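Close look at the chain arrangement
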Amino acid sequence: MTGFFITGTDTGVGKTCITAALLRAFLDAGRHALAVKPVQTGCLKTEHGLVAEDAEVYGRLAAPYFPDGYPEVCCRKYIPACSPHLAADMAGDTLTPDTLAEEVRTLGANTLTLVEGAGGVAVPLGDGMTMLDLMQRLDLPVIIVADNKLGMINHTLMTIEMVRNAGLSVAGVVINNTTPVSDDGSLRRSNVATIEEYGDVSILADIPNCDGGTKSDALFVEAMAKALPLLDSTAKSDVQNDLNFDADHIWHPYTSATNPLPTVKVRSARGTRLILEDDTELVDGMASWWCAIHGYAHPTLDRAMREQQGRMSHVMFGGLTHDPAISLCRKLIDLAPEGLEHVFLADSGSVSVEVALKMALQYMQTKGEVERTKLFTVRGGYHGDTCGAMSVCDPNNGMHHLFSGLLPKQIFAPRPACRFDEEYDPSSLEEAARVLKKHSSEIAAIIVEPIVQGAGGMWFYHPEYLRGLRALADEHGILLILDEIATGFGRTGKFFASEWAGISPDILCVGKGLSGGYMTLAATLATSEVAHTISADGGVLMHGPTFMGNPLACAVANASLDLLQQTDWQSQVHNIETWLNQALAPCRELRDVANVRVLGAIGVVELDAPVNVPQLQEQFIQRGVWLRPFGKLIYAMPPYIISEEEVARIGAVIHNAIAENRHQ
Ligand SMILES: *Cc1c(COP(=O)(O)O)cnc(C)c1O
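These lines cover the structure that appears in this document, whether it is placed above or below. (Residues numbered from 1 in each chain as written. Predicted model: local features only at pLDDT ≥ 70, side-chain atom pairs only at ≥ 80, totals over all residues. Heavy atoms only, no water.)

Right, let's talk about the sheet that holds strand β14 (residues 281-284) for a bit. Taken in spatial order, the four strands line up as β12-β13-β14-β26 in an open sheet, and their pairing is mixed. At either end of the open sheet lies a strand with only one pairing partner, and these are β12 (266-270) and β26 (625-626). Where β14 and β26 come together, two bridges link them in parallel fashion. Its bridge partner being in β26, D284 is matched across the sheet by W626. (Pairing = 2+ DSSP bridges. Helix = DSSP H or I, 4+ residues; strand = E, 2+ residues; numbered from the N terminus.)

Right, here's the structure in full:
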């Protein structure tokens, strides 16, 4: 949708006259335009139903262009002249930004649309939502109308700030003078100049007060016609041009520089939805690689970011500390399995794995077990893309062959064969036990993803196997590192996946969901035994990223963890598990499907052969869903706030895509 949103610094500042005049100016300039009003309170009750005076003003000014009368352009009309949330409530109605935005879009389809708000930006619609939320949904450039009177600088600058904080652009400010000037006008001129300077905005018009407030329509139309050139310069970006640049110059994850996979451009994200440049809304089944657990643009997380940014975005962590980091580490120690008492804040999951590996090696060095320099892991794992992490990724579908000269050789056992939901088969641990015994003098640590192997194949294995590894580690004096970067914070139905086995690691890595998907942040936690041993005799842990403990990331992680604990995530994840089971069940009947499995908020369809990613991506987008398959796997790991209907849609879209591609 194209157009503008017209808001005011207050009610009664002349928004309607200005909207109507702007409409007329656009029509005079040969543009196809319409002014609409999402909510109109203070309507008159007549025999023809409710009449909105504002719409009558639009009709009066646009009359020459609407010979058959101006269309109905008010989405919701109420009689009481009060805030929309009250008026709607009295009428037994609910106003949500989503439905209002939908109604406005329907009215304004294929035309330049001027959307006039009700009152100012913080006017409530109900359920904690305000006019600003509707403005965000519509995502149009904003025109702010201000009445030139005492206090207007304050109101206007606050409005500008709120609009910008919401990620919207301010197209400009229209100054309206609704009362006669009592001095020579210099005070009012000064107000306008101050708004322009302090607000860093363009003044679209400064409409004088004539004859004690009886301004003619022509005066408004003339003023707004002059503003049109300023408004037309707020042109949209050239999407195709941007995508071409992107394809030519920007590397995306695991892609060719010369023959990249296609990308789509996202404009914004909200709740469970990604909103593309062309207004397409996609249900997000990926939670942005599993991290956006609360969905996008959550008001609590947004506020935490803004508040922290108001204090400080970053300071070095060497020699300095701060509340966001202290509070986050307190929480992590509280939430983590027993015994983990020391936290290292890292700036990504891979880095937290590097730190874990370094901790394990330094621990053994300090203990004098200098032969123990190797790591033991199972096949099918994924721990990140940095060198240490890569060395413990699956040697076949990982990147070992490319970097064989660089990567340390680690010790592997087969992928845990016993599935999560099968009866435990003790023989599945035999090979791991044999290898560990044989190499025990060389091994510093076991590193595995507990219960769910993520990017290495979305494989769910039996908790008893994990318990077995814990026992073997103890038996051989080896450390156990659990990489909960994908599984932590409720994803598998337990807060940490290690709880399925009732065990604690010596070292724990967390990341991804830690910051609710807002900032790159991870952490490595260690037991006192590990931390104190490394630090004995003046020892120090040799790692320290530039952005360690980044206050913005810690602040939003604090907010995300609080939010998680305040919400009933257990029920959310449990429901998603039920819905995924229902939604993906029909896929079991498809010939090309090898396996369908669900655990917590993870649903996986494994095919017999690798999928065609670009083809599937396009099919998914056409049907309004965002999924990113890899290898033989089409899977969903949605935000915890996803609805049953949305999960059903994801399931149907996956089913249809597999069924259709088979016939090609
Ligand atoms: C994603 C992931 C990592 C790597 O995290 P990054 O933030 O991408 O570096 C490591 N381990 C597991 C289990 C992961 O899922």
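Turning our attention to the layout of surface pockets. Each pocket or cavity is described by its volume, and for the second largest pocket that value is around 1300 Å³. M129, D133, Q136, R137 and R270 are the residues nearest the centre of the second largest pocket, which is lined by 48 residues in total. Looking at the lining of the second largest pocket residue by residue, the classes come out as 16 nonpolar, 15 polar and 17 charged. In this structure, the lining of the second largest pocket is formed jointly by two domains, domain 1 (2-232) and domain 2 (253-296 + 569-662), each of which donates at least three residues. (1 Å grid on protein atoms, 1.4 Å probe; cavity = no way out; pocket = protein on both sides within 12 Å on 5 of 7 lines; lining within 4 Å. Points joined across faces, edges and corners; volume = space filled by probe spheres on them. Nonpolar A, V, L, I, M, F, W, Y, C, P; charged D, E, K, R; others polar. Domains from an automatic or database assignment.)

This next bit is on the pattern of salt bridges. A pair can form between side chains of opposite charge whenever their charged atoms are brought close. In total, this model carries 27 salt bridges according to the counting rule given. Linking R273 and E281 is a salt bridge whose minimum nitrogen-to-oxygen distance equals 3.1 Å. Between R467 and E464 there is a salt bridge; the shortest N-O distance is 2.7 Å. With R467 and E464 both in helix α16 (residues 463-476) and three residues apart, this pair spans about one turn of that helix. Assessed through its relative accessible area of 33%, R467 is described here as partly exposed. Residue classification places E464 among the partly exposed positions, given a relative accessible area of 29%. Residues participating in the shared-partner salt-bridge network are K15, K37, D54 and E116. (Salt bridge = Lys/Arg side-chain N within 4 Å of Asp/Glu carboxyl O. Buried < 20%, exposed > 50% of the residue type's maximum accessible area, 1.4 Å probe, protein only.)

Turning our eyes to something else, we now look at the packing of helix α6 (residues 152-165) against helix α7 (residues 186-199). Packing of α6 against α7 leaves a shortest axis separation of 10 Å and a crossing angle of 25°. By the angle class used here, α6 and α7 are roughly parallel. Judged by the sense of rotation from one axis to the other, the crossing of α6 with α7 is right-handed. Packed against α6, whose contacting residues are M152, I153, T156, L157, I160 and R164, the element α7 presents N191, T194, I195, Y198 and G199 at the interface. Of the residues belonging to the contact of α6 with α7, the class tally is six nonpolar, four polar and one charged. (Axes fitted to C-alpha atoms, helices over the stretch in contact; angles between N-to-C directions. Parallel < 35°, antiparallel > 145°, perpendicular 65-115°, else oblique. Left-handed = near helix turned anticlockwise from the far one by under 90°. Contact = heavy atoms within 4.5 Å.)

Function-wise, these values are silent; they only describe arrangement.
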